[in-house]
Amino acid sequence: MKGDNNPIKQHYVPQVYLRNFCGSNGALAVLNKNTGKKFYTGTAGVGFEKNFYTLEKLEDPYCWEKAYAKTIEPLMKELLSKIVSKTSMLVRNGYCIINNKEKMQLAFVMVMQLLRGKQSRQYEEQLFKELLPSINAMAKENFGPLTSYQQECLSIVESDPYYLKKIAMELTIDPDRIRKYTTIIGWHKFIFLHLCGEQEFVTSDNPVMFLNSETADPKPFANGILKKKTVIYYPISSKLLLFVIHPDYYFQKYAEMDGCLYHLDENKEQHFINFINHKQSEQSYNQVYASKLKTLDKLG
């Protein structure tokens, strides 16, 4: 399974998504936060890591990457294209652009993007390292002293990154976990904000942003999805931003807005545009994307 045709260059931000942020020439403007460098490139050159999902000890080490490519990404491409095609100045304000099935599909896409990224992997690695000693202690308490073979097995699990990666991948596609998160997010109100004018929304290598609406803290995994004060922002294209809120939060204001499109005037919403773009950059892993370098220049 290690021939030249195997997909070792693995995107944790799908190219079918990133193409919605390319300029008319097909190029993507990129900000590398670590270096401060800004440049143009194609979607194939960002949002990936070699062998990020590869598990060498499996019969097919590339099964996870192939599963994403054959199932998740085609759905994402079709769904996002359908949503973007329904947004323009000709569509009246307040018009509903998705049905219930499409809403749940979009929630599923967001969950999969959230779970498959770099920050999720790092978060799971941190939990693994923190919890492993207590798990070992619990095993000894329940089953008595470990044999030398059992202790050797535990040492291998602790030291070999393959096992952590395997556990992380299994958590990522756990059906019950995906179904639970999708149901919770799909229960929220979805409002589509269409930006009118020359300005644009940026996205990043961690595009699904969870924000504390009271403190404006966007730190990944710091804001629970069931909390009323947690809002979610997911840029769908450079002109379209999905805004997700708890059903009981500002209920009167958003009660009739679920699934609807609302136009934003860039001249009146300058503060909001800058706020969202800066927060998207703040909570990203390393890279921020836009169609124009001048948009990234505003991020500092």
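Each remark here, short or long, concerns the structure printed above.
This one's a predicted model, so the numbers in the text were calculated from it and none came from an experiment.

> Talk me through the packing of aromatic side chains; I want residue IDs and the actual numbers.
By the definition in use, this model includes eight aromatic pairs. Judged by centre distance (4.9 Å) and plane angle (55 degrees), the ring pair of Tyr53 and Tyr68 falls under tilted. One end of the pair, Tyr53, is in the loop between strand 4 (48-50) and helix 2 (63-85); the other, Tyr68, is in helix 2, with 15 residues separating them in the sequence. Judged by its relative accessible area of 1%, Tyr53 is buried. The class of Tyr68 is buried, set by a relative accessible area of 2%. For the pair Tyr233 and Phe243, a centre-to-centre distance of 5.0 Å together with 10 degrees between the ring planes defines the contact as stacked. Here Tyr233, found in strand 8 (residues 230-237), pairs with Phe243, found in strand 9 (residues 240-245); they are 10 residues apart in sequence, far enough to count as distant. Pairwise contacts between aromatic rings join Tyr12, Phe52, Tyr53 and Tyr68 into one cluster. The positively charged end of Lys9 is found above the aromatic ring belonging to Phe48, 4.6 Å away from the centroid. Across from the ring centre of Phe39, 5.6 Å away, lies the NZ or CZ of Lys37, which sits over that ring.

Reading guide: rules and limits
- Residues numbered from 1 in each chain as written.
- Predicted model: local features only at pLDDT ≥ 70, side-chain atom pairs only at ≥ 80, totals over all residues.
- Heavy atoms only, no water.
- Phe/Tyr/Trp six-rings, centres within 6.5 Å; stacked < 30°, edge-to-face > 60°.
- Helix = DSSP H or I, 4+ residues; strand = E, 2+ residues; numbered from the N terminus.
- Buried < 20%, exposed > 50% of the residue type's maximum accessible area, 1.4 Å probe, protein only.
- Lys NZ or Arg CZ within 6 Å of the ring centre and 35° of its normal.

Remember that the coordinates give geometry; whether it matters functionally is a separate question.
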